[in-house]
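# Examination of the molecular architecture
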Amino acid sequence: MYMYMKKSEFWGAMIMFALHVLLFPTLLGILVAVRPGLLSESQINLVYYCTSAVLTFVLLGKFLRRNFDSLLDNLWGSLVAFVVGWGIYFVLALAFGLLIKALGIGEDNPNNSAIEEMLEQDRGIIIAMTVFLAPIVEECIFRGGLFCGLYRKNRYLAYVVSIVLFSVYHVWQYALAAQDISYLLYAVSYIPASVALCWAYERSGSIWTSIFFHMSFNAYALTVTM
């Protein structure tokens with residue numbers, strides 16, 4: 001069924017939202033404070049995403065399996081959605097790039113800077129985490145849970161909530177750590193990709209289209225960074 005998520009799966013996605021976005025980062029922050037130097041930043045992030053990925057397959061394994069069948073049933077449509085999604089991203093990235101300059105937002109995005117530093121320490125770990133683990137976890141939460149869950153009630157609300165929360169998710173911890181709300185402005189740079197991910201999922205009807213798009217986008221971003 002097109003963009004269908006059972007009620008139990010929706011609540012599974014919301015549990016993952018609470019764990020992955022809120023609880024796990026807090027617990028890892030406490031671990032770092034109590035046992036500094038126990039793990040490198042790259043290793044901490046790997047533990048974070050591996051734990052979330054395992055729980056995602058436990059809670060949403062059937063959802064992922066069902067959506068993979070949907071992908072195969074609409075392979076051509078999913079491919080078109082994937083390609084057009086990239087077109088949407090590049091157009092919006094150009095527009096938002098101009099907006100970011102107009103707003104005077106610096107180019108030193110703290111999330112990008114953190115990833116660049118970790119790449120220098122543990123390139124293999126960061127590539128595995130960013131390209132393979134993060135897209136599965138994040139798409140199940142933000143597109144499978146939030147977007148799909150709200151879509152049947154209000155399409156526009158589904159877009160807004162998914163885009164805003166996904167964009168803020170990438171920078172809120174830096175704003176909190178620095179106690180500087182201006183860091184939230186960097187969320188603007190994630191809007192183009194978030195719109196493209198929602199569109200790819202909506203048009204294909206399979207979460208795997210947005211997962212593969214997310215994987216390719218992260219691989220592209222790492223290539224540009226390296």
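Scroll up to find the structure.
My aim in this report is to walk through the structure given alongside it, one point at a time. Remember, it's a predicted structure, so these values are computed and weren't measured experimentally. (Residues numbered from 1 in each chain as written. Predicted model: local features only at pLDDT ≥ 70, side-chain atom pairs only at ≥ 80, totals over all residues. Heavy atoms only, no water.)

Along its length, the protein carries 9 helices and 0 strands. The secondary structure elements of the protein, listed N-terminal to C-terminal, are α-α-α-α-α-α-α-α-α. Its C-alpha atoms give the protein a radius of gyration of 17 Å, near enough to 17 Å, the size a compact globule of 226 residues would have. By its C-alpha atoms, the protein is 50 × 40 × 30 Å across when sized along the principal axes. The buried share of the protein, reckoned over its 226 residues, is 46%. The long-range share in the protein, meaning contacts at least 24 apart out of those at least 6 apart in sequence, stands at 82%. Put simply, the protein shows about 11,600 Å² of open surface, and 68% of that area lies on carbon and sulfur atoms. Charge separation in the protein, taken as the distance between the mean sites of 13 positive and 14 negative side-chain charges, equals 15 Å. (Helix = DSSP H or I, 4+ residues; strand = E, 2+ residues; numbered from the N terminus. Rg over C-alpha atoms; globule rule 2.2 N^0.38 Å. Buried < 20%, exposed > 50% of the residue type's maximum accessible area, 1.4 Å probe, protein only. Contact = heavy atoms within 4.5 Å. Areas by Shrake-Rupley, 256 points an atom, 1.4 Å probe, with all protein chains shown as cover. Lys, Arg positive; Asp, Glu negative; His and termini not counted. Charge placed at Lys NZ, Arg CZ, Asp CG, Glu CD.)

This part covers the side chain of Arg-143. With respect to the element layout, Arg-143 can be found in helix H5 (residues 123-151). Judged by relative accessible area, Arg-143 falls into the buried class, the value being 0%. Side-chain polar atoms of Arg-143 contact the side chain of Glu-139, separated by 2.7 Å. (Polar contact = N/O pair within 3.5 Å; in protein donor to acceptor, adjacent residues only side chain to side chain.)

Within the secondary structure, Asn-109 sits in the loop between helix H3 (75-103) and helix H4 (110-121). If near-sequence neighbours (up to four positions away) are discounted, Asn-109 is found in contact with Tyr-186, Ser-189 and Tyr-190.

Okay, the pattern of salt bridges next. Across all of its chains, the model carries 4 salt bridges by this definition. For the salt bridge of Arg-65 with Asp-69, the shortest nitrogen-to-oxygen distance reads 2.5 Å. Of this pair, Arg-65 and Asp-69 are both found in helix H2 (residues 41-73), 4 residues apart, which corresponds to roughly one turn of the helix. Residue classification places Asp-69 among the partly exposed residues on the basis of a relative accessible area of 33%. (Salt bridge = Lys/Arg side-chain N within 4 Å of Asp/Glu carboxyl O.)

Turning our attention to the packing of H5 against helix H6 (residues 155-169). Angle between the axes and distance between the axes are the two parameters that describe a pair of packed helices. Contact geometry of H5 with H6 gives a least axis separation of 7 Å together with a crossing angle of 155°. Taken together, H5 and H6 sit at an angle that is classed as roughly antiparallel. Seen from above, H5 lies across H6 with right-handed handedness. Along its contact with H5, which presents Glu-138, Phe-142, Arg-143, Leu-146, Phe-147, Leu-150 and Tyr-151, the element H6 presents Arg-155, Leu-157, Ala-158, Tyr-159, Val-161, Ser-162, Leu-165, Phe-166 and Tyr-169. A breakdown of the residues in the contact of H5 with H6 according to their chemical character gives 12 nonpolar, 1 polar and 3 charged. (Axes fitted to C-alpha atoms, helices over the stretch in contact; angles between N-to-C directions. Parallel < 35°, antiparallel > 145°, perpendicular 65-115°, else oblique. Left-handed = near helix turned anticlockwise from the far one by under 90°. Nonpolar A, V, L, I, M, F, W, Y, C, P; charged D, E, K, R; others polar.)

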